[in-house]
Each structure stands twice: as C-alpha cells, then as structure tokens.
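# Commentary on secondary and tertiary structure
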Amino acid sequence: MKTIKAIRGMNDISPAEVSYWQLFEDTARSVLAAYGYQEMRPPIVERTELFQRSVGESTDIVEKEMYTFEDRSGDSLTLRPECTASCVRAAVEHGWLRGGGVRIWHIGPMFRYERPQKGRYRQFHQLDVEALGFPGPDVDAELILISARLWKRLGLKNIRLEINSLGARDAQAAYRQTLVDYFGAHREALDEDSLRRLGSNPLRILDSKNPELQALITDAPAPVDHLDAQSADHFEGLKRALREAGVAFEVNKRLVRGLDYYTGTVFEWLTDELGAQNAVCGGGRYDGLIEEIGGPATPATGFALGIERLVELLKVQQVVPMEASPHAYLVAVGDRAGQLALALAERIRDQSPGLRLLVDAGKGSFKAKLKRADRSSARFALIIGDSEAEAGTVGVKDLRSNHPQTTIAQTEIGGFFHQQVLN
C-alpha cells in the first residue's frame, strides 16, 4: 500500500524537538503569569465572516491564504489564520469586557495556505497576548516589556525593537489619501501587488519587499509624520515609558503590519540570524476591531509570536533545553522479577516525585536489556533479578561512570535518588 505522509507545510514535531517547545511554553506561562495575564483557549474553526471583517477582505490572508469550507449546514467556516480576532470575538460573546479591561493570552496552531519555506508553514503556532479595554500607552509599553523579559528569560540575544504609529482611524483615512496621491503619481513604477493595494490598502505598499520599489517607498510620506494630536501624544508616551524601562528601540517610519485592523502603535522585534524571515514578534494597537465585530467601542492592543521561528532562533543561538532523558532505567531479569517490575517502579515513583523512570519492555538477554538502558541516556540502571525480588533489594549501576554496581533496599531507593539527582 502507498505510504501516507503529512500534508505539505504541516509538520510533525519530534520528541527531541518538543523539548525546545516546552522550554518556550513553560517560560512564556511563567512570564505572563508574573504580569497578571490569564490563558484562554478559543476554537480552531471560526465563521469565515469573523476574519473577513477583522483581518480585512483585501489582505493576502483573506484573498489567498485562508482554509475555508462549507459545513453540512451550508455555513462558511475557516481554520483560523490568526488569533486576535478569535480572542476579541470570545471577549465580546462572553461579556469579559464588562466592568473593565481584560488581559489574556493563547498558544495554539494557525493555518494559512502559502508556499512552505523555513520559518513559514501552512500550519504554524503562535503565542498571542491581548490587552482589551486599556487606552493608554502604558499597556502598549507593558506588552513590549513582556516580550523583552521573555527574550531575557530564554537567554536570547541580538533581537532589536522597531516601533511606529499609524494614527487613529480618522487620521489614517486622510493619510491613506496622501499615499494614494503619492503612489498614484508613480503608477508606472508599481508592481502588480502594489497596484492592487493602491485601491484597497495603500499602507501595505510600504511593507513591500520588492527591491525595485525601495527608493520610491523611502521617499513616500510616512504615517508617523501625519498623526493626529492624540496619537502623537500617545506615541510620545510610549517612547518615554520604554526609555524609563531601559528598553532600546528604533522608530521605523515605514513599519506597518499586514492586517487591516491596526491603529496607532505598531511594533516588531527583529533578528538578523534567521535569514529572510527576520520578524520574531510583532503587534500593536487595534482600537476599532472590537466595535467592528459587534462589540462596544473598546481600545485594545496585543502581539503575536511565531513559535517555529523562535525555536529556530533558540537553536541558532545554542540555547539548550533542560535535559529530558530518564534519570533511571529499570531492568528486570527472571519470571518473578518481571512480575514485580511495574509495581516496583510505581513504588519508586511514589518515593521520588519528579524522577523520570523508564521500565524496560520486551524480551531479551540481560546484556541486551543493559544495552537498551544505555541507549536510553539514563544515568542509572536499576537491576532486579529473582534473588533481588526475594530479598527486597535492587541493584544500582551508574551507566556514566566506572563505579561498581551497588545494592540498595527497595525502601531506600527514593532517598538515593533524592541525593543523587533530585536535590
């Protein structure tokens, strides 16, 4: 029969790889808890209309990349391509915004149909952090400080911060017309994507990676130079807060985000160590989104972080996850010992919470079983034969040294491991 393989761009994560993911996830949970953010878990499938309204019908995501299908009731459903819209929909639906703001986060898979390449896949995973109901620049700064602390706790270096402001919706409308006039006067120089964006979202032209357009983009009017007074004050407040906290940043006047819902602050954390996919984390303010999907007018801000890309950066910078191999490997030789092996392992686990103990399974000689113990990368082999089973003892062999094998009472093995590996 033909071998079934995974869908292109939707990858298995091996046990060895998972240790990096666990390092990131455990660190993220700890950091976010320290700032008072709470986890939520939205569904993977949403109504297509949610993303059409929030992300923007003229974006590449909605036009080209969404996994959309009709269910048996004829409803149009979509595998979520991003999570901010889902978090906002949940907050509105369940009334989380009543009585003040809410700080939430989520980790999970997203889906976009695009050409798979390193750091960009059809199923990818993100950490999304959202602060809903807070109007000031202090919460924008808080989100940036959370991400900065995450890099510090993970031991990552050489990640730089760029910030910008796109202004409030009304000011954006006037600025967009300024861009349309500017780029419209150079239509002959625009590529196909930019011509399409000229009529839908001209800000996206500023994000073009076409090298032939860079000189034109450099000379284009910048959004930060066309801010309304309130957005300008907000942006100055953000910069002051970051300086006070000792976070270095650069104002990138050409920085825009790829989704239509952004207003005011936008930011990205970038690295030069991952090739073309250099954005590690990005976010900003989206003050009109909650109202756009049917909720009350509510300020909001957040960021998203691609986990695959961050795991790659951990590897490049040689950040080593905590050892996940077993501490000990239990080998049973003989009929009576084999019958007792699992029960003994349970007693040892009761005595030594946190101990990683692997029990040998399958047939084989004593020599073959010891070879399996060595291949497991465990430090100790616990050996029980029929005589040890009768005497209530266990043999302990250090597989990583030349120390002679010792014998310990089964009732004392917990104390041995507390002293050797768990202290």
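Chains are numbered independently. Their residues run from 1 in the order of the written sequence. Where totals are concerned, whole chains, interfaces and linings use all residues; where local detail is concerned, this predicted model gives features only for residues with pLDDT of at least 70, and gives and counts side-chain atom pairs only at 80 or more. Side-chain descriptors were evaluated using all non-hydrogen atoms of the structure, hydrogens and water having been removed beforehand.

## Some details on the overall build of the chain
- Here a strand is any run of E in DSSP of at least two residues, a helix any run of H or I of at least four, and the numbering for each starts at the N terminus. In terms of helices and strands, the chain carries 15 helices and 16 strands.
- Only C-alpha atoms enter the radius of gyration; for comparison, a globular chain is expected to reach 2.2 Å times N to the power 0.38, where N is the number of residues. Expected size for 423 residues packed as a compact globule is a radius of gyration near 22 Å; at 28 Å, the chain overshoots this value by more than 25%.
- In terms of overall dimensions, the chain has C-alpha extents of about 90 × 60 × 45 Å along its principal axes.
- Each residue is placed in one exposure class: buried if its accessible area under a 1.4 Å probe, protein chains only, is under 20% of its type's maximum, exposed if it is over 50%, and partly exposed if it falls in between. The 423 residues of the chain split such that 51% are buried.
- Considering only intrachain contacts with a sequence separation of at least 6, the fraction spanning at least 24 residues in the chain is 70%. Residue contacts follow a heavy-atom distance rule, with two residues in contact if any of their heavy atoms lie within 4.5 Å.

## A closer look at the pairing of strand β9 (residues 265-271)
- For β9, a buried count of seven out of seven residues is recorded, marking the element as mostly surrounded by other parts of the structure.
- Burial of β9 is two-sided: the residues Thr265, Phe267, Trp269 and Thr271 facing one way and the residues Val266, Glu268 and Leu270 facing the other way are all buried.
- By the bridge criterion, five bridges tie β9 to strand β10 (residues 279-285) in an arrangement that is antiparallel. Bridged to glutamate 268 within β10 is glycine 282. DSSP bridges decide pairing: two strands pair if at least two such bridges lie between them.

## Notes on the packing of aromatic side chains
- Put simply, two rings from Phe, Tyr or Trp (the six-membered ring, in Trp's case) pair if the centres are within 6.5 Å, and we call them stacked under 30 degrees between planes, edge-to-face over 60, tilted for the rest. Under the criterion given, the structure shown has nine aromatic pairs.
- Judged by centre distance (6.0 Å) and plane angle (75 degrees), the ring pair of phenylalanine 380 and phenylalanine 417 falls under edge-to-face. Of the two residues, phenylalanine 380 sits in strand β14 (residues 380-385) while phenylalanine 417 sits in helix α15 (residues 413-420), which places them 37 residues apart along the sequence.
- Classification of phenylalanine 380 as buried rests on a relative accessible area of 3%.
- Pairwise contacts between aromatic rings join Tyr261, Tyr262 and Tyr286 into one cluster.
- If you follow lysine 315 out to its NZ or CZ, it ends over the ring of tyrosine 20, 5.5 Å from the centre. Charge-over-ring contacts are defined here by two conditions on Lys NZ or Arg CZ: a distance within 6 Å of the ring centre and an angle within 35 degrees of the ring normal.

## Some remarks on the environment of arginine 254
- Inspection of the secondary structure assignment puts arginine 254 in the loop between β8 (250-251) and β9.
- C-alpha separation for the pair arginine 254 and glutamine 405, spaced 151 residues apart in sequence, amounts to 67 Å.
- Sequence-distant contacts of arginine 254, that is, excluding residues within four places in its chain, are made with Asn164, Leu206, Ile217, Thr218, Ala220, Pro221 and Ala222.
- A distance of 3.5 Å separates the side chain of arginine 254 from the backbone oxygen of isoleucine 217, its partner in a polar contact. Definition of a polar contact: a pair of N or O atoms within 3.5 Å, with one able to donate and the other able to accept a hydrogen when the atoms are protein atoms, and with sequence-neighbouring residues admitted only if both atoms are side-chain atoms.

## Brief notes about helix α12 (residues 335-351)
- Here the expected span of a helix is defined as 1.5 Å times the quantity of residues minus one. In a regular helix each residue adds 1.5 Å, so 17 residues correspond to 24 Å; α12 covers 25 Å between its end C-alpha atoms and thus fits that length.
- A residue's bend is simply the angle between two axes: one fitted to the seven residues ending at it, one to the seven starting at it. Of all the bends in α12, the greatest measures close to 45 degrees and is centred on alanine 341.
- Against β12 (328-333), β13 (357-359), β14, α14 (386-391) and α15 lie the buried residues of α12.

## Some remarks on the sheet that holds strand β2 (residues 45-47)
- Strand order in the open sheet made by the three strands is β2-β4-β3, with antiparallel pairing throughout. The two strands at the open ends of the sheet, each matched to only one other strand, are β2 and β3 (67-70). Adjacent strand axes in the sheet meet at a mean angle of 35 degrees when their direction is disregarded. The axes are straight lines fitted to the C-alpha atoms, using for helices just the contacting stretch, and the angles between their N-to-C directions are given from 0 to 180°.

## Considerations on the sheet that holds β12
- Taken in spatial order, the five strands line up as β13-β12-β14-β15-β16 in an open sheet, and their pairing is mixed. Lying at the two open borders of the sheet, with one neighbouring strand each, are β13 and β16 (406-409). Across the sheet, the axes of successive neighbouring strands diverge by a mean angle of 30 degrees, strand direction being ignored.
- Where β14 lies against strand β15 (residues 393-398), four bridges are found, and the strand directions are antiparallel. When the sheet's bridge partners are listed, isoleucine 383 is paired in β15 with glycine 395.
- Across the sheet, α12 is in contact with β12, β13 and β14; its angle to β12 comes to roughly 155 degrees.
- Helix-sheet contacts for helix α13 (residues 366-375) involve β12 and β14, and the interaxial angle to β12 is about 170 degrees.

## A word on the confidence of the model for the chain
- Scored from 0 to 100, pLDDT records how confident the predictor is in each individual residue. In the predicted model, the chain carries a mean pLDDT of 91, and the fraction of residues at 70 or more is 99%.
- Ranking the helices and strands of the chain by mean pLDDT puts strand β1 (residues 38-39) first, with 98, and helix α3 (residues 60-65) last, with 77.

## Details of the nonpolar core
- To form a nonpolar core, buried Ala, Val, Leu, Ile, Met, Phe, Trp, Tyr and Cys residues must be joined to one another through side-chain atoms within 4.5 Å. Residues Phe24, Leu127 and Trp151 are the most contacted members of the largest nonpolar core, which totals 45 residues.
- The biggest single contributor to this core is helix α5 (residues 137-154), with eight residues.
- When sequence neighbours within four positions are dropped, the list of residues in contact with tryptophan 151 reads Leu156, Ile159, Trp269, Val280, Cys281, Leu305 and Leu310.
- Residues Leu50, Val256, Leu259 and Val266 belong to the second largest nonpolar core, which totals 44 residues.

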